Amino acid sequence: MKQKIVFATNNAHKLEEVAAILGENYEVLSLREIGCHDDIPETADTFSGNAIQKAQYIKEHYGYDCFADDSGLEVDVLGGAPGVFSARYSGGGSEANMDKLLHNLTEKSERGAQFRTVIALLVGEETHLFEGVVRGTITHERRGEGGFGYDPIFVPEGYDLTFAQLGSEIKNRISHRAKAVEKLAEYLCKQLKIEN
């Protein structure tokens, strides 16, 4: 029987990625599926702070053990920006965010960056944090149709293609979220004594 676990998100892309990584032992429930339509606050100034805030909100208001994540793109030469503001960097959507970032890097030759995810898992009274990082570089223009967010302008280390060009199978294996979710899954499997 599948173990049910709530992922504090309604982002279909994230749900799909995480469900694929966690595999058949888990049924990952979205906020919508537990009847949560609230606008959950994300007011912390760190990824871990936001992830904990979201998970605590669900635990307090809905009573479920759950996990939440916060992630973003950190560009070295911009002092780690956009960071926790990645999703709302431009005040517009993904296209506007990419436009702003590419514009801010116009004169920069140093284009090193990393995607970082922090997952907060709340089980009973305990909070556990899992982090995943993938290093790479920012391209000069969009490449590829797949993925979401900044995927069309991020080339992970060891590859010549952007996340958008690599496809979900490879991305789900090497991404920041994949690394954090693998650590989460490892922990959950130990807790539930499920064979991986």
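Coordinates for the structure precede this section.
Cut-offs used in this document
- Residues numbered from 1 in each chain as written.
- Predicted model: local features only at pLDDT ≥ 70, side-chain atom pairs only at ≥ 80, totals over all residues.
- Heavy atoms only, no water.
- Helix = DSSP H or I, 4+ residues; strand = E, 2+ residues; numbered from the N terminus.
- Buried < 20%, exposed > 50% of the residue type's maximum accessible area, 1.4 Å probe, protein only.
- Contact = heavy atoms within 4.5 Å.
- Lys, Arg positive; Asp, Glu negative; His and termini not counted.
- Charge placed at Lys NZ, Arg CZ, Asp CG, Glu CD.
- Pairing = 2+ DSSP bridges.
- Right-handed = clockwise from strand over helix to strand, strands pointing away.
- Core = buried A, V, L, I, M, F, W, Y, C linked by side-chain atoms within 4.5 Å.
- Salt bridge = Lys/Arg side-chain N within 4 Å of Asp/Glu carboxyl O.

Enquirer: Any chance you could explain the overall build of the protein here in plain terms?
Expert: Of the regular secondary structure elements, the protein holds 6 helices and 6 strands. When its C-alpha atoms are laid out on the principal axes, the protein stretches across 50 × 35 × 25 Å. The 196 residues of the protein split such that 46% are buried. Counting contacts in the protein only where the partners sit at least 6 residues apart, residues at least 24 apart contribute 53% of the total. Each charge class in the protein can be summarised by its mean position, and for the 21 positive and 31 negative side chains these summaries are 1 Å apart.

Enquirer: Any chance you could explain the pairing of strand β2 (residues 26-29) here in plain terms?
Expert: Regular strands place side chains that alternate from one sheet face to the opposite one. Inspection of the sheet shows strand β1 (residues 3-7) paired to β2 by 4 bridges, in the parallel sense. Along β2, the bridge assignment pairs V6 with L29. In this fold, the crossover linking β1 to β2 by way of helix α1 (residues 12-22) has right-handed handedness.

Enquirer: Help me understand the nonpolar core in this model?
Expert: Of all hydrophobic cores here, the largest spans 20 residues; its most connected members are I5, L22, F67, I119, L121 and L184. Where this core is concerned, the elements lending two or more residues are β1, α1, β2, β4 (112-123) and α6 (176-192). In terms of residue count, α6 provides more of this core than any other element does, 8 residues in total. Leaving out residues up to four positions away in the same chain, L22 has contacts with V28, F67, V181 and A185. In this structure, L101, L102, V134 and I174 belong to the second largest nonpolar core, which totals 17 residues.

Enquirer: Explanation requested: the environment of S86 in the structure shown.
Expert: Along the chain, the position of S86 falls in the loop between β3 (66-75) and α3 (94-104). A relative accessible area of 5% places S86 in the buried class. For the pair S86 and L161, spaced 75 residues apart in sequence, the C-alpha separation works out to 21 Å. If sequence neighbours within four positions are ignored, S86 has contacts with G72, L73, N97 and Y150.

Enquirer: Please explain the pattern of salt bridges as it appears in this structure.
Expert: When the charged atoms of two side chains with opposite charge come close together, those side chains can pair. Within the structure shown, the criterion is met by 12 salt bridges. Where R116 meets E131, a salt bridge forms, and the shortest distance between an N and an O atom there is 3.0 Å. Of this pair, R116 sits in strand β4 while E131 sits in strand β5 (residues 126-138), and the two are 15 residues apart along the sequence.

Enquirer: Quick question: what am I supposed to make of the environment of G124 here?
Expert: Mapped onto the secondary structure, G124 falls in the loop between β4 and β5. Separated by 32 residues in sequence, G124 and P156 place their C-alpha atoms 36 Å apart. Residue contacts for G124: discarding those within four places in its chain leaves K59 and D65.

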